[in-house]
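Report on the structure
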Amino acid sequence: MHVVSSLLVSLGKLPVEALAELSSLERLWSGAAQVSPLVQSALHSRLPGVSLHHSYGMTETTFTTFCGEVRADKPGSPGTLVKAMECKVVDPESNKPLAMGARGELCFKGPMVTRGYLANAEATAEAFDADGWLRSGDLGYVDEDGYFYVVERLKDVLKYNGHQVSPSELEALLITHPAVCEAAVIGEPHEYGEAPRALVVLNS
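Just so we're clear, the structure is a prediction, and the values are computed from it rather than from any experiment. Position labels on residues start from 1 in each chain and follow its written sequence. Local features in this predicted model are restricted to residues of pLDDT 70 or higher, and side-chain atom pairs are both shown and tallied only at a pLDDT of 80 or more, whereas totals for entire chains, interfaces and linings draw on every residue. Values shown for side chains rest on all heavy atoms present in the structure; no hydrogens or waters enter the calculation.

1. Remarks on the UniProt feature "domain: AMP-dependent synthetase/ligase" (unreviewed entry) in the protein
- As recorded in UniProt, the feature "domain: AMP-dependent synthetase/ligase" (unreviewed entry) lies at residues 5-118.
- Strands are runs of DSSP state E lasting at least 2 residues, helices are runs of H or I lasting at least 4, and numbering of each runs from the N terminus. What you have in residues 5-118 is 19% helix and 28% strand, and the ends, taken at the C-alpha atoms, are 30 Å apart. UniProt positions are given in the numbering used here, feature names are shortened, and annotations may be inferred rather than shown by experiment.

Below, the structure written as structure tokens:
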């Protein structure tokens with residue numbers, strides 16, 4: 001079964017009797033957004049025997065760039081880089097490559113990456129650096145085993161008192177509360193920059 005990541009939250013909260021309807025499920029694939037380790041853990045415990053897979057890609061890469069089965073020792077990772085593709089993590093402001101484990105913007109190069117945007121030289125120039133690397137606009141990092149992690153969209157990161165706050169990390173924490181069905185975190189003006197505000201849907 002292929003689902004978007006937000007549906008995994010709902011699957012993780014299904015009542016036990018509803019899980020019986022998924023007894024024939026063997027593999028569960030997700031994409032379109034990062035999956036929190038808490039959601040992955042809930043699915044592993046509630047759907048034993050079902051292998052959970054995750055992937056990451058962009059329209060501009062025409063296919064997934066990271067892919068793999070979710071590992072308990074690599075919580076939240078969409079996997080490793082697919083063959084023929086390259087990825088580097090850079091400082092979003094200086095465009096300088098960062099050390100392993102450091103958070104920065106994910107950039108891609110390879111045969112699957114688009115050459116640019118049709119009849120839009122300005123957008124193409126913004127998306128690619130001088131060496132032809134596609135700037136994803138996503139914040140992430142890679143570990144010592146080559147597993148990548150996507151933390152947040154750069155444009156969605158809130159700046160509070162000099163700190164970068166990830167709305168999706170707050171959302172992942174909020175939905176662990178038994179009374180919360182869904183959650184969305186937005187930024188609002190604050191004397192220290194931006195402050196997160198949570199909008200929740202209760203189970204009742």
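2. Digging into helix α1 (residues 5-12)
- Residues of α1 that are buried include every one of Ser5, Leu8, Val9, Leu11 and Gly12, and no others. Within α1, the buried residues cover an arc of 165 degrees as seen down the axis, which keeps them to one side.
- Next to the buried residues of α1 lie β1 (2-4), α2 (16-19), β2 (27-31), α3 (37-46), β3 (51-57) and β12 (180-190). Only protein chains enter the accessibility calculation, which uses a 1.4 Å probe; a residue is then buried when its area is under 20% of its type maximum, exposed when over 50%, and partly exposed in between. Directions from the helix axis toward the C-beta atoms define the arc. Contact between two residues is taken to exist if any of their heavy atoms lie within 4.5 Å; hydrogens are not considered.

3. Focus: unusual backbone geometry
- A positive phi angle is found at alanine 84, which is not glycine, with a value near 75 degrees.
- Among the secondary structure elements, alanine 84 is positioned in the loop between β5 (79-81) and β6 (86-90).
- At asparagine 95, a position not held by glycine, the phi torsion is positive, near 70 degrees.
- You can see asparagine 95 is positioned in the loop between β6 and β7 (104-109).
- On the accessibility criterion, asparagine 95 (21% relative accessible area) is partly exposed.

4. Remarks on the nonpolar core
- In this structure, Leu8, Leu28, Val39 and Leu43 are the most contacted members of the largest nonpolar core, which totals 18 residues.
- Secondary-structure elements contributing two or more residues to this core are α1, α3 and β12.
- Counting residues per element, this core draws most heavily on α1, which supplies 3 residues.
- Sequence-distant contacts of valine 39, defined by excluding residues within four places in its chain, comprise Leu8, Val9 and Ile175.
- To form a nonpolar core, buried Ala, Val, Leu, Ile, Met, Phe, Trp, Tyr and Cys residues must be joined to one another through side-chain atoms within 4.5 Å. By size, the runner-up hydrophobic cluster in this structure holds 16 residues, among which are Leu134, Val142, Phe148 and Val150.

5. Structural notes on the pattern of salt bridges
- Salt bridge, as used here: a side-chain nitrogen of Lys or Arg that lies within 4 Å of a carboxyl oxygen of Asp or Glu. One pass over the full model with this rule turns up 8 salt bridges.
- The shortest N-O distance in the salt bridge between glutamate 105 and arginine 135 comes to 2.9 Å. Placement of glutamate 105 in strand β7 and of arginine 135 in strand β8 (residues 134-142) is noted, with a sequence separation of 30 residues between them.
- A residue is classified by how much of its surface remains accessible, and glutamate 105, at 5% relative accessible area, is buried.
- Residue classification places arginine 135 among the partly exposed positions, given a relative accessible area of 22%.
- Through salt bridges with shared partners, a single ionic network connects Lys74, Asp143 and Asp145.

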